[in-house]
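Single-letter residue listing:
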Amino acid sequence: EVISSESQESERLSNLAKSTKRIYVRASEFMQRVQDGATRTLQMIPVDDLRLPSQRQMIKLFWEVLIVLGLLALLRAGVSTTLKWLHRKIDPNRDALPYEQSVFECMQRPLEFLSVFTVGTSLAEVVSRPLVATGFLKYIRVLRELGVIIAATWFLMRWVDRIRSRFAVDQRVDKAQVDTVSRIVTMIVAIIATLISFDTLGVNVQTVLAFGGIGGVAIGFAGREIMSNFFGGFMIYVTRPFVVGEWIRSIENEQLDGTVEQIGWYMTRVRKWDKRPLYVPNSRFTTLVVENPSRMSNRRIRQDIKLRLEDLPKAEKICNDILEKLMANPDLDPKQHRIVNIENITMNAICIWISCYTKSVFLSDFRRVQQEVILDVVDVIRANNAGLA
């Protein structure tokens, strides 16, 4: 079936090539007849200043007509079909990457637009040739160049977005960096396309850049808050104190405590523990002290146990027994300290200080291990016939 499908595709493309060749031959014969007829007709007109098109102009017109006919044939055969065939034949990643995720699919919509747009402007140019004295043709040519710029810009933006979406599902790549690079590249493409469009329209690009510099200063004074938020967001992307999905909190503002959901160019959205969204302008993060608990290596268990004064002779043994329990606990990190000591003695109790670290940083695991440590401490106190103060 695969061989049959490929043979049918090859036959269809062969028929398309033969049709294009026949169109080329007929177009050549038609252009020759038009030139001969125009020569005979104009020889009968007694106008001294009327000149025939030169051979170079006729060749240029012929190629324009041929391009239009080729685009029409491409539209008839289908841009999608042609690009899929090219993807199967020349794409080295065709086995690992389907057509829907390839660069050829990014070309499809811009090529369809460019084909229709070029055919339309070419037909408009042919129709308006009698009005050549009015200078209308130069506007059509400028419009055609703008169509090429729009199609190329559209393709590049689709390609950048396709690459961004491909890397976004890769767990080895930081999504924040991917978003930053894709947005910067998109902005660069848009700026370059705008400058090329200005140059095509006959606008002096240097004047535009000079005006943009003056306008940038004015906008900077008028929208300082907007610009500070923009650069604040850029610094978050560059320095990466936190990324999407991490838990952050501030020691200066108790309201800022939750999971980062989105880092935008103007503000960052944080989902608090009561599931309410908190929107923080990015400029606040340039002066705010932010803690990122998601990046901690361990969770610490710290307890202060108070024994009765009459249990002072048993305190040292109780401390040693508790330490043995901590050493035997497999959920505590052996690379971190495990300390059990008498901190001080007050008039009412003996204070025992306990400190250790869990291997897991997840809250559920931490609470479970902490509960086990506390229950072990209670068992040791009871085994030594002591009591809490």
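This text goes with the structure placed above it.
Keep in mind that what you see is a predicted model, and the values were worked out from it rather than measured.

**Observations concerning the packing of helix 9 (residues 312-328) against helix 10 (residues 363-383)**
Packing of helix 9 against helix 10 leaves a shortest axis separation of 9 Å and a crossing angle of 145°. By crossing handedness, the relation of helix 9 to helix 10 is classed as right-handed. Two secondary-structure elements touch here, helix 9 through Ile 318, Asp 321, Ile 322, Lys 325 and Leu 326 and helix 10 through Val 373, Asp 376, Val 377, Val 380 and Ile 381. Residue composition of the contact of helix 9 with helix 10, by class: seven nonpolar, no polar and three charged.

**Here we look at the sheet that holds strand 3 (residues 267-272)**
Each strand in a sheet pairs with another by means of backbone hydrogen bonds, the pair being arranged parallel or else antiparallel. In spatial order, the strands read 4-3-2-1-5; together these five strands make up an open sheet with antiparallel pairing. Every interior strand has two partners, whereas the edge strands, strand 4 (277-281) and strand 5 (290-291), have only one. Sheet topology places strand 3 next to strand 4; five bridges connect them, and they run antiparallel. Looking across to strand 4, one finds that Val 270 is bridged to Leu 278.

**Considering a nonpolar patch on the surface**
On the surface, Leu 156, Trp 159, Ile 163 and Phe 167 cluster together into a nonpolar patch covering about 320 Å² of accessible area. Mapped onto the secondary structure, Leu 156 falls in helix 5 (residues 136-168). For Leu 156, a relative accessible area of 33% puts it in the partly exposed group.

**Points about helix 9**
Look at helix 9: 25 Å from first C-alpha to last across 17 residues, which is about the 24 Å you get at 1.5 Å a residue. When helix 9 is considered as a whole, its buried residues turn out to be Ala 315, Ile 318, Cys 319, Asp 321, Ile 322 and Leu 326. Summarising the contacts, the buried residues of helix 9 are in contact with strand 6 (299-307), strand 7 (339-345), strand 8 (350-358) and helix 10.

**A look at the pattern of salt bridges**
Evaluated as defined, the whole model comprises 14 salt bridges. Between Arg 308 and Asp 311 there is a salt bridge, and its shortest N-O distance comes to 3.0 Å. Residue class for Asp 311 comes out buried when judged on its relative accessible area of 2%. With a closest N to O distance of 3.1 Å, Asp 331 and Arg 368 form a salt bridge. Here Asp 331, found in the loop between helix 9 and strand 7, pairs with Arg 368, found in helix 10; they are 37 residues apart in sequence, far enough to count as distant. By relative accessible area, Asp 331 is classed as partly exposed at 26%. Owing to a relative accessible area of 38%, Arg 368 belongs among the partly exposed residues under this scheme. When salt bridges with common partners are traced through the structure, they connect Glu 105, Arg 158 and Arg 162 into a single cluster.

**Comments concerning the environment of Ser 355**
As for its position among the elements, Ser 355 is in strand 8. Since its relative accessible area comes to 0%, Ser 355 is described here as buried. Sequence spacing of Ser 355 and Val 340 is 15 residues, and the spatial spacing of their C-alpha atoms is 6.7 Å. With near-sequence residues (within four places) excluded, Ser 355 lies in contact with Arg 300, Ile 301, His 337, Arg 338 and Ile 339. In this structure the side chain of Ser 355 is engaged in a polar contact, spanning 3.1 Å, whose partner is the side chain of Arg 300.

Analysis parameters
Residues numbered from 1 in each chain as written. Predicted model: local features only at pLDDT ≥ 70, side-chain atom pairs only at ≥ 80, totals over all residues. Heavy atoms only, no water. Axes fitted to C-alpha atoms, helices over the stretch in contact; angles between N-to-C directions. Helix = DSSP H or I, 4+ residues; strand = E, 2+ residues; numbered from the N terminus. Left-handed = near helix turned anticlockwise from the far one by under 90°. Contact = heavy atoms within 4.5 Å. Nonpolar A, V, L, I, M, F, W, Y, C, P; charged D, E, K, R; others polar. Pairing = 2+ DSSP bridges. Patch = residues over 30% accessible without salt bridge, like charges linked within 9 Å, V, L, I, M, F, W, Y side chains within 5 Å. Areas by Shrake-Rupley, 256 points an atom, 1.4 Å probe, with all protein chains shown as cover. Salt bridge = Lys/Arg side-chain N within 4 Å of Asp/Glu carboxyl O. Buried < 20%, exposed > 50% of the residue type's maximum accessible area, 1.4 Å probe, protein only. Expected span 1.5 Å × (residues − 1). Polar contact = N/O pair within 3.5 Å; in protein donor to acceptor, adjacent residues only side chain to side chain.

Just geometry here; none of it tells us what the structure is for.
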